Amino acid sequence: DDPLGYSTYFMSSFMSHSCLPNAVWHYDGDDFILRARCDIAEGAEITVSYLSEDALLESIPARRKHLKESKHFVCACERCAGGRDPSR
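Residue indices begin from 1 for each chain and proceed along its sequence in written order. Reporting in this predicted model follows two pLDDT cut-offs: at least 70 for local features of residues, and 80 or more for side-chain atom pairs to be given and counted; totals over whole chains, interfaces and linings ignore these cut-offs and use all residues. Note that water and hydrogens are dropped before the side-chain values are worked out from all heavy atoms of the structure.

The tendency in soluble globular proteins is for nonpolar side chains to be buried as a group. Residues belong to a common nonpolar core when they are buried Ala, Val, Leu, Ile, Met, Phe, Trp, Tyr or Cys residues joined through side-chain atoms within 4.5 Å. Burial classes: relative accessible area under 20% of the type maximum marks a residue as buried, over 50% as exposed, and values in between as partly exposed (1.4 Å probe, protein chains only). Within the largest apolar cluster, nine residues are counted, these being Cys19, Leu51, Ala55, Leu56, Ile60, Leu67, Cys75, Cys77 and Cys80. Contacts were defined at the residue level, with two residues in contact if any of their heavy atoms lie within 4.5 Å. Residues in contact with leucine 56, not counting those within four places in the same chain, are Cys19, Pro21, Ser49, Leu51, Arg63 and Arg79. Ranked by size, the runner-up nonpolar core spans five residues in total, among them Met15, Trp25, Phe32 and Val48.

Geometry of aromatic contacts follows a simple scheme: Phe, Tyr and Trp rings, the Trp one being its six-membered ring, pair when their centres are within 6.5 Å, and the pair is stacked under 30 degrees between planes, edge-to-face over 60, tilted otherwise. Here the structure, examined in full by the defined rule, presents three aromatic pairs. Judged by centre distance (4.3 Å) and plane angle (0°), the rings of tryptophan 25 and phenylalanine 32 are stacked. Ring centres 6.1 Å apart and planes at 85° place the aromatic pair tyrosine 50 and phenylalanine 73 in the edge-to-face group. Of this pair, tyrosine 50 sits in the loop between β4 (47–48) and α2 (60–71) while phenylalanine 73 sits in the loop between α2 and α3 (78–81), and the two are 23 residues apart along the sequence. Phenylalanine 73 sits in the partly exposed class, given a relative accessible area of 25%. Connected via pairs of aromatic rings, a cluster forms that spans Trp25, Tyr27 and Phe32. Under the DSSP-based scheme used, a helix requires at least four consecutive residues in state H or I and a strand at least two consecutive residues in state E, with every element numbered from the N terminus.

Let us look at the pairing of strand β2 (residues 23–28). Note that β2 and strand β3 (residues 31–36) share six bridges and pair antiparallel. Looking at β3, one finds that valine 24 is bridged to arginine 35. The turn linking β2 back onto β3 is made up of two residues, and glycine 29 within it adopts a positive phi angle of 65°. Following DSSP output, two strands are said to pair if at least two bridges run between them.

A separate point is the pattern of salt bridges. When the charged atoms of two side chains with opposite charge come close together, those side chains can pair. Here a salt bridge means any side-chain nitrogen of Lys or Arg lying within 4 Å of a carboxyl oxygen belonging to Asp or Glu. Applying the stated criterion across every chain, the model contains two salt bridges. Between arginine 37 and glutamate 53 there is a salt bridge, with the nearest N and O atoms lying 2.9 Å from each other. Here arginine 37, found in the loop between β3 and β4, pairs with glutamate 53, found in the loop between β4 and α2; they are 16 residues apart in sequence, far enough to count as distant. Under the relative-accessibility criterion, arginine 37 is labelled partly exposed at 39%. Exposure remark for glutamate 53: the relative accessible area of 43% places this residue in the partly exposed category. A salt bridge links lysine 65 to glutamate 69; the shortest N-O distance between them is 2.9 Å. You can see lysine 65 and its partner glutamate 69 sitting in helix α2, four residues apart, about one turn around the helix.

Turning next to the side chain of threonine 47. Among the structural elements, threonine 47 can be located in strand β4. Judged by relative accessible area, threonine 47 falls into the buried class, the value being 10%. Leaving out residues up to four positions away in the same chain, threonine 47 has contacts with Ser16, His17, Ser18, Leu20, Pro21, Asn22 and Ala23.

If you want it as structure tokens, here you go:
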């Protein structure tokens, strides 16, 4: 029998974090859907945020502190590495 569908749960665990993510997970009932937040060039890495939408509004030090405490890494994404957050 052909499967009714495929799950990406396993693959989602390999997605990189960014504080300027180009994709977001969306839940629709039992469906787990990855949606683009912007146009994504062919071959570009697809990133999601490990932070909540509210936490993404915080300053670089606040976001980095949260990620260090909860995920054990210091964020060096394009938004954090510049020193001055262009989206604030």
